[in-house]
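Remarks on the overall topology
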Amino acid sequence: LLTIAWGGSLFAGRCDLTEEGASASGERVAINRKLSEERKSSLTETGVTTDAQTRVGAWIMAISCLPYLIIQVPLIDGHTSEGPEAALIGTIVCAVGFVGYSVYQVAFPWLQNKRIEDARFRLIKARAVDKVFKSALQFGGLVQSDGTVNVERLEQVFESFDRDNNQQLCDNEVEGLIVGLATERGSLASKDEIATWMNEFDADENGFISKQEFITGMQKWIKSTQKQSMVSAVKDMPGLLPSQISDTANFLESVDSQEVEEELEEGEGGEMEELSTAQIYQRAAFFLAIGTGMVTIFADPMVGSVNEFAKSTGISAFFVAFVVTPFASNASEVVSSFIFAAKKRQRTISLTYSQIYGAVTINNTLCLGLFLGLVWSRGLTWDFSAEVTATVVTVLGMALLTGTRTTFPTALAPPVLAVYPAAIAGIVAMEQILGWN
């Protein structure tokens, strides 16, 4: 389902493409959260852009196909009796690959950092909006009687941090803004924190935040903040008049409900538990052991259940194995990829694709390793040449496509989505016509 998740995420996360800020290779880039009506149906003027690190995950995914090639060697050279030995070697390679990938994730935790950065960004937004509400009270409040944002008050907040009165904030003034609003713990603003503000507010990328950019950015941040937490924060403010509470509540009720629901879904679960490094390793090892044990225990009964399901329903076992079961077992991951990509930001589409590549890598190491271990330990015959060919060609083709570029136009979605049914048709052809049974 690699192609289904990838192609669907491309369509869900597509934004307008622009020549401005093009990469050194001349690739256009997607504009975060912008999908204009005139381009909405275009396959060439819309698309997504990922960060450069996401390409690394695609090449790692390609390397993880090596065990498939090892297990196929006895079938290629005609020495089928060497199948168990090849299965053992494949199992060892899978184990080494899984351990190596795990070590890589610890040594270079870019995927985890993407998740942490996304969560940190949401926290910064919530704190910033809360502090701006409080800061605006000294000027009379941030919302007007009709519940809309009081732009004049935002201007006054902006001017209070514009020390040289040139109608724009430089890096030092942004640092003062961050410290003044206390959106980060500690007395000083980090370079990453300043970069976050500049990336979100500096629309024309000239190195400064203008007054209009500040107002527009704050309005967006306010609209994407959780209603419940904001109302609670306002009610807890000392000396707030009932009318101000009412006005603020009216404003929050007017916030785009879809954006609020996204923030609420992302924020579910409460405060994160703080763990030491040793505790993190212990918990990770525990969950890996539990997951591996469950796969080992239920793999064989699962195969029997699939066969029985096919017999009782009269559906072809092939159709059940390659269509029904994959969709049933991976539906939640595929749908969540679509939902996350639909946020239409570079960081969310990068995280979506990174997780897709990571899932394929785990399947090609941990899951395949367990299966090959069963083949070796029970002396089973490996005869899945058609399936292996379709899998390897698909994964290597996707790696070649996604590992060599960072921008993908929407025009790539239809052919990529078509790879899945084409692969199934290819398996049927190889088994029925070429006799690779």
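1. A short note on the pairing of strand S1 (residues 15–18)
Examined bridge by bridge, S1 and strand S3 (residues 46–49) share 2 bridges and lie antiparallel to one another. Note that in S3 the partner of Cys-15 across the bridge is Gly-47. Across 2 bridges, S1 lies against strand S2 (residues 29–30) in antiparallel orientation. By the bridge assignment for S2, Leu-17 is matched with Ala-30.

2. Considering a nonpolar patch on the surface
On the surface, a cluster of nonpolar side chains totalling about 660 Å² of accessible area is made up of Phe-286, Phe-287, Ile-290, Met-294, Ile-297 and Phe-298. With respect to the element layout, Phe-298 can be found in helix H13 (residues 277–313).

3. Digging into the packing of aromatic side chains
One pass over the structure, following the stated rule, counts 9 aromatic pairs. Ring geometry for Trp-6 versus Tyr-353: centroids 5.0 Å apart, planes at 10°, classification stacked. In this pair, Trp-6 sits in helix H1 (residues 2–12) while Tyr-353 sits in helix H15 (residues 346–377), placing the two residues 347 residues apart along the sequence. According to the relative accessible area criterion, Tyr-353 is buried, its value standing at 0%. For the cation-ring pair, Arg-14 lies above Phe-11, with the distance from its terminal atom to the ring centre recorded as 4.1 Å.

4. A word on the nonpolar core
Core analysis: the largest hydrophobic core is formed by 37 residues, its most contacted members being Trp-6, Leu-10, Met-61 and Tyr-353. When contributions to this core are tallied by element, the ones reaching two or more residues are H1, helix H2 (53–63), helix H3 (66–76), helix H4 (83–107), helix H14 (317–341), H15, helix H16 (385–402) and helix H17 (413–432). With 8 residues, H15 is the largest single contributor of residues to this core. The residues contacting Trp-6, other than those within four sequence positions of it, are Tyr-353, Ile-356, Tyr-357, Met-398, Leu-401, Thr-402, Phe-408, Leu-412 and Val-416. Among the nonpolar cores identified, the runner-up in size contains 15 residues, and Val-157, Phe-158, Leu-177 and Met-218 belong to it.

5. Some details on the pairing of S3
Alternating positions in S3 separate into two faces, Thr-46 and Val-48 on one and Gly-47 and Thr-49 on the other, with burial throughout. One ladder, built from 3 bridges, connects S3 with strand S6 (residues 407–409); its direction is antiparallel. If you follow Val-48 over to S6, its bridge partner there is Phe-408.

6. Observations concerning the pattern of salt bridges
All chains considered together, the criterion is met by 2 salt bridges. Across the pair Glu-45 and Arg-28 runs a salt bridge whose closest N-O atoms are separated by 3.3 Å. Pair noted here: Glu-45 is in the loop between S2 and S3 and Arg-28 is in the loop between S1 and S2, with a separation of 17 residues, a long-range link. Using a relative accessible area of 29% as the deciding quantity, one classes Glu-45 as partly exposed. By relative accessible area, Arg-28 is classed as partly exposed at 22%. Note that Glu-159 and Lys-211 form a salt bridge whose closest N and O atoms lie 2.8 Å from each other. Of this pair, Glu-159 sits in helix H6 (residues 151–161) while Lys-211 sits in helix H9 (residues 211–223), and the two are 52 residues apart along the sequence. By relative accessible area, Lys-211 is classed as buried at 16%.

7. Remarks on the sheet that holds S1
One open sheet accounts for 4 strands, arranged S2-S1-S3-S6; its pairing is antiparallel. Both outer strands of the open sheet, S2 and S6, are each paired with one neighbouring strand and no more.

8. Let's talk about H16
For H16, spanning 18 residues, the distance from its first C-alpha to its last is 26 Å, which sits close to the expected 26 Å at 1.5 Å a residue. The set of residues buried in H16 consists of Ser-385, Ala-386, Glu-387, Val-388, Ala-390, Val-392, Thr-394, Val-395, Met-398, Ala-399 and Thr-402.

9. A short note on the packing of H3 against H16
One can describe the packing of H3 onto H16 by two numbers: an axis separation of 11 Å at closest approach and a directional angle of 145°. In this structure, the crossing between H3 and H16 has a hand that is left-handed. Residue-level inspection shows Tyr-68, Leu-69, Gln-72 and Leu-75 of H3 in contact with H16, the latter providing Ser-385, Val-388, Thr-391 and Val-392. Residues belonging to the contact of H3 with H16 are distributed by class as follows: 5 nonpolar, 3 polar and no charged.

So, how was this worked out
- Residues numbered from 1 in each chain as written.
- Predicted model: local features only at pLDDT ≥ 70, side-chain atom pairs only at ≥ 80, totals over all residues.
- Heavy atoms only, no water.
- Pairing = 2+ DSSP bridges.
- Helix = DSSP H or I, 4+ residues; strand = E, 2+ residues; numbered from the N terminus.
- Patch = residues over 30% accessible without salt bridge, like charges linked within 9 Å, V, L, I, M, F, W, Y side chains within 5 Å.
- Areas by Shrake-Rupley, 256 points an atom, 1.4 Å probe, with all protein chains shown as cover.
- Salt bridge = Lys/Arg side-chain N within 4 Å of Asp/Glu carboxyl O.
- Phe/Tyr/Trp six-rings, centres within 6.5 Å; stacked < 30°, edge-to-face > 60°.
- Buried < 20%, exposed > 50% of the residue type's maximum accessible area, 1.4 Å probe, protein only.
- Lys NZ or Arg CZ within 6 Å of the ring centre and 35° of its normal.
- Core = buried A, V, L, I, M, F, W, Y, C linked by side-chain atoms within 4.5 Å.
- Contact = heavy atoms within 4.5 Å.
- Expected span 1.5 Å × (residues − 1).
- Axes fitted to C-alpha atoms, helices over the stretch in contact; angles between N-to-C directions.
- Left-handed = near helix turned anticlockwise from the far one by under 90°.
- Nonpolar A, V, L, I, M, F, W, Y, C, P; charged D, E, K, R; others polar.

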